[in-house]
Amino acid sequence: MSKQVFIPRDSLNQALERLSSKMNVWVPAASGSNKCGSEFVPYRPDLIPLLNRQTTTPPKAVVFPQVETLLSYEYTKDPDNPSRVKIQLDDTSAGSPTLIFGARPCDARGFLLFDQVFTRGPFTDKYYRDRRENSYFATLVCLEWDSACFCSSVGSGPTDMEGSDLRVTPLKDGYLVEALNERAEPILSLMEGDVPTDAQQQDARKLQEEASRQRVGNVDLTRSATDFKGRFEDKAYWRAMVSQCLSCGVCTFVCPTCYCFSITDEMQGLKGERLRSWDSCMFFQYTLEASGHNPRPTRFERYRNRVGHKFSFIPEKYNGMIGCCGCGRCIRSCPVSIDIRRVVENLKENACVCA
Ligand code: SF4
Ligand code: SF4
């Protein structure tokens, strides 16, 4: 079986169509009539996959839905003893084969942190695990980045394929798609692409080599854990850096590595559902305790926690893994232009914190 195929540009939709008859396929596309935003959506033949720029939101929701039913339940009266009520639970989790085509290295890398949190103990989240095990990432060699991107600053880069199953190299007339592991090989067969010519293979290699030499982001944020601790009590620093934060939570919702959630029960009559929904550590209510006490009552404390989580607590807990993939989405989407690179870079002692 060939481990790589060439898909001519004008045949991409046919290849995706063939795939979508066998599995769920998600592609990046413009969001509805909003020509500025883009997101991952289930493939439809009338869609034009948007492969030349990063999406506004990552494919996080494909594996970790914004709202999902964890279980449903129903109370029934025991006919033999009406004073007793029985409860019936259904907690079947779903996981059917799903391809995320046209992800970027930062999109796929975001799930490496999710894997640590949800599948590597002490508990396994079966809802996440079942979807994740059935998910395949066909990741683009990233050739288009902007001034907000900084994947190289956090130890990744435009050709990083960690967490990906297929590499998609955009060429002049189409895409060279390669299986990076055995489980991805049947996907290549389903695409029914052409056997790549020697010239196409050479072009792809050249392009990959060129992209791998690019440095995206001009700072090194991989060793910020100690700097964070040194600045933790420096309230003046945090106020100066993030005083304009609105606590809107957008930075967390667009982030491929943010996984805060809440669980609520929604009941109608004697039936109900337990739902998991995305939440945000940037919200006042997120840490509000039933007593009325809130350990992070101010916006700067919440932002400090977000930075500490990504650049200090996670690296310490997971062998140096940074809790940020450098996608830059929080920078692009923040309504008051807070730049997490600047906040982390300036953690260093004596760094200038002037606005
Ligand atoms: S913190 Fe910002 S740059 Fe880092 S992964 Fe999240 S959205 Fe991307
Ligand atoms: S997007 Fe900006 S303003 Fe909104 S919570 Fe995040 S840092 Fe604060």
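Here we summarise the structure given alongside this text. Note that this is a predicted model, so its numbers are computed, not measured. (Residues numbered from 1 in each chain as written. Chains lettered and ligands numbered in written order. Predicted model: local features only at pLDDT ≥ 70, side-chain atom pairs only at ≥ 80, totals over all residues. Heavy atoms only, no water.)

1. Some words on the overall build of the protein chain
Line of reasoning, step 1. Helix and strand content of the protein chain: 12 helices and 11 strands.
Line of reasoning, step 2. In terms of C-alpha radius of gyration, the protein chain reaches 23 Å, essentially the compact-globule figure of 20 Å for 355 residues.
Line of reasoning, step 3. If one aligns the C-alpha atoms of the protein chain with their principal axes, the spans along those axes are about 70 × 70 × 40 Å.
Line of reasoning, step 4. Looking at the protein chain residue by residue over its 355 residues, the buried ones come to 50%.
Line of reasoning, step 5. Once local pairs closer than 6 in sequence are excluded, the contacts in the protein chain between residues at least 24 apart make up 70%.
Line of reasoning, step 6. By element, 50% of the accessible surface of the protein chain is carried by carbon and sulfur atoms, the whole surface being about 17,700 Å².
Line of reasoning, step 7. Once the 45 positive and 44 negative side-chain charges of the protein chain are each reduced to a mean point, those two points are 4 Å apart. (Helix = DSSP H or I, 4+ residues; strand = E, 2+ residues; numbered from the N terminus. Rg over C-alpha atoms; globule rule 2.2 N^0.38 Å. Buried < 20%, exposed > 50% of the residue type's maximum accessible area, 1.4 Å probe, protein only. Contact = heavy atoms within 4.5 Å. Areas by Shrake-Rupley, 256 points an atom, 1.4 Å probe, with all protein chains shown as cover. Lys, Arg positive; Asp, Glu negative; His and termini not counted. Charge placed at Lys NZ, Arg CZ, Asp CG, Glu CD.)

2. Description of the packing of helix H3 (residues 105-119) against helix H4 (residues 126-133)
Line of reasoning, step 1. Relative to each other, H3 and H4 sit at 140°, their axes nearing to 9 Å. By the angle between their axes, H3 is oblique relative to H4. At the point where H3 passes H4, the crossing takes the left-handed sense. Along the contact surface, H3 presents Phe111, Leu112, Phe114, Asp115, Phe118 and Thr119, while H4 presents Tyr128, Arg129 and Arg132. (Axes fitted to C-alpha atoms, helices over the stretch in contact; angles between N-to-C directions. Parallel < 35°, antiparallel > 145°, perpendicular 65-115°, else oblique. Left-handed = near helix turned anticlockwise from the far one by under 90°.)

3. A word on the site of ligand 1
Line of reasoning, step 1. Near ligand 1 there are 13 residues, and of these Cys255, Cys324, Cys327, Gly328 and Cys330 occur at the shortest range.
Line of reasoning, step 2. Classifying every residue of the shell around ligand 1 by side-chain character gives eight nonpolar, three polar and two charged. (Near = heavy atom within 4 Å. Nonpolar A, V, L, I, M, F, W, Y, C, P; charged D, E, K, R; others polar.)

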